[in-house]
Amino acid sequence: MPFHFRFGPADLLRCRFSISPRWETQEAVRVLLDQRRHAYHLPWLRGIRTAAAGLDLRPLWLLMPRTGHNPDFLSPPPTGPSVTFEEELARVRAADPQEAREDLRRSLVCTPGALESEAGRRMLADPERAVQELADLYEQAWRALVAPHWPRLRALLEADILFHSRRLAAGGLEALFDGLHPDLSWSGNTLSIARRGHHDRSLDGQGLLLMPSAFVWPEVVGGYDPPWQPTLVYPARGIGALWTAPAGPAPRALARLLGRARADVLCALTEPASTTALAHRLSLAPSTVSAHLKTLQQAGLLIPSRHGHQILYERTPLAIALTGGSESSPPGQSNPSGAHPAPPAFEERGSGGGAPEAVRAQPGERRKGG
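Residues numbered from 1 in each chain as written. Predicted model: local features only at pLDDT ≥ 70, side-chain atom pairs only at ≥ 80, totals over all residues. Heavy atoms only, no water.

Undergrad: Could you give an account of the pattern of salt bridges, with specific residues and numbers?
TA: Pairs may arise between side chains of opposite charge once their charged atoms sit close together. Counted according to the given criterion, the structure contains 16 salt bridges. Between Arg6 and Asp200 there is a salt bridge, with its nearest N and O atoms 2.8 Å apart. Of this pair, Arg6 sits in strand 1 (residues 3-6) while Asp200 sits in strand 5 (residues 199-202), and the two are 194 residues apart along the sequence. Arg6 gets classed as partly exposed once you look at its relative accessible area, which sits at 32%. Take Asp200: its relative accessible area is 39%, and that puts it in the partly exposed class. Several salt bridges share partner residues, and in doing so they unite Glu27, Arg30, Asp34, Arg36, Arg37, Arg66 and Glu219 into one network. (Salt bridge = Lys/Arg side-chain N within 4 Å of Asp/Glu carboxyl O. Helix = DSSP H or I, 4+ residues; strand = E, 2+ residues; numbered from the N terminus. Buried < 20%, exposed > 50% of the residue type's maximum accessible area, 1.4 Å probe, protein only.)

This is the structure:
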């Protein structure tokens, strides 16, 4: 039976996008546990191997069943379009211990042996302490696994939101949902997720929060029980190229025309990106990149657009022609570099730290929320 989100008139006006660094941290931890998710992240996995070996992530893995309930208080939906990890973690630490205990219990029963394990019993015996210890673990995971790569990850997620916002503007919700994930379908006033345990949720005027994720592939995740805002997490476009090395230097002719540094900035904008993301990608000072972006914009080669507190830059058709690149697929057309290409062959590796048997993900598909 599919998972249903039922929209009312007010919900159609309250759909929004957001980015969650805390969610990305959670899903990065899950990638270490679930080898199905390794395919697109092998370079990242190799890079964080030493850092991951220094973390004991077993208490978090204990709360990550392949199918069933995942604790909502550990990943509250973002309250705005762009929040910091610190802001999100403060909300986790402020969770009510008794509500958290029930959330933990519902999750533990979904993994065979977890409820009876020493770690599981300890969480339920002292939920106040468990909340703080789990938050501490996520903070360690953020700093070791995600924060060093956040400019690159954020650039990918922001570019995805810009693309789908244009689909929404061009074709409405039906066009938007049609392009997010193959398991999603829109009919009448209902958004359905195929191949999930049965769940029927009326949005009740809260609208739907849409969050792209670099680490959730190959799944699309829907859920959160009341009173949390209903949320849909889907794989971001372009994850196949997320960890690829930067493109080579700009063509010589273009470098002679614009100058080597500005030509490199222009060629690096294969997807819309912010000043900070480009500076990280090109190993340049943000002030230097900002000056080049301003010059390229004044020359009619870039278009800026605001997303939350960030300004993203993308190439104009003239710039695309100069760089020899191609535009992203417009709404309604196929996108070979999107979020759902055929996965590359898996490289069999351990799952970072080696989860004990009772903690390993079980066969089947996971579903967020009840």
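Undergrad: Give me the packing of aromatic side chains: which residues, what numbers.
TA: For the coordinates displayed, the defined rule picks out nine aromatic pairs. Between Phe7 and Phe177, the aromatic rings sit 6.0 Å apart at their centres with planes inclined by 55 degrees, giving tilted as the arrangement. Here the residue Phe7 occupies a position in the loop between strand 1 and helix 1 (9-12), and Phe177 occupies one in helix 10 (residues 150-178), the gap between them amounting to 170 residues. Summarising the burial analysis for this pair, Phe7 and Phe177 share the class buried. A ring pair is formed by Phe85 and Trp142, whose centres lie 4.7 Å apart and whose planes are at 5 degrees; its orientation type is stacked. With Phe85 in helix 6 (residues 85-93) and Trp142 in helix 9 (residues 127-146), this pair connects stretches of sequence that are 57 residues apart. Given the relative accessible area of 3%, Phe85 is considered buried. What makes Trp142 buried here is its relative accessible area of 9%. We note Arg237 situated over the ring of Phe163; from NZ or CZ to the ring centre the distance is 3.7 Å. (Phe/Tyr/Trp six-rings, centres within 6.5 Å; stacked < 30°, edge-to-face > 60°. Lys NZ or Arg CZ within 6 Å of the ring centre and 35° of its normal.)

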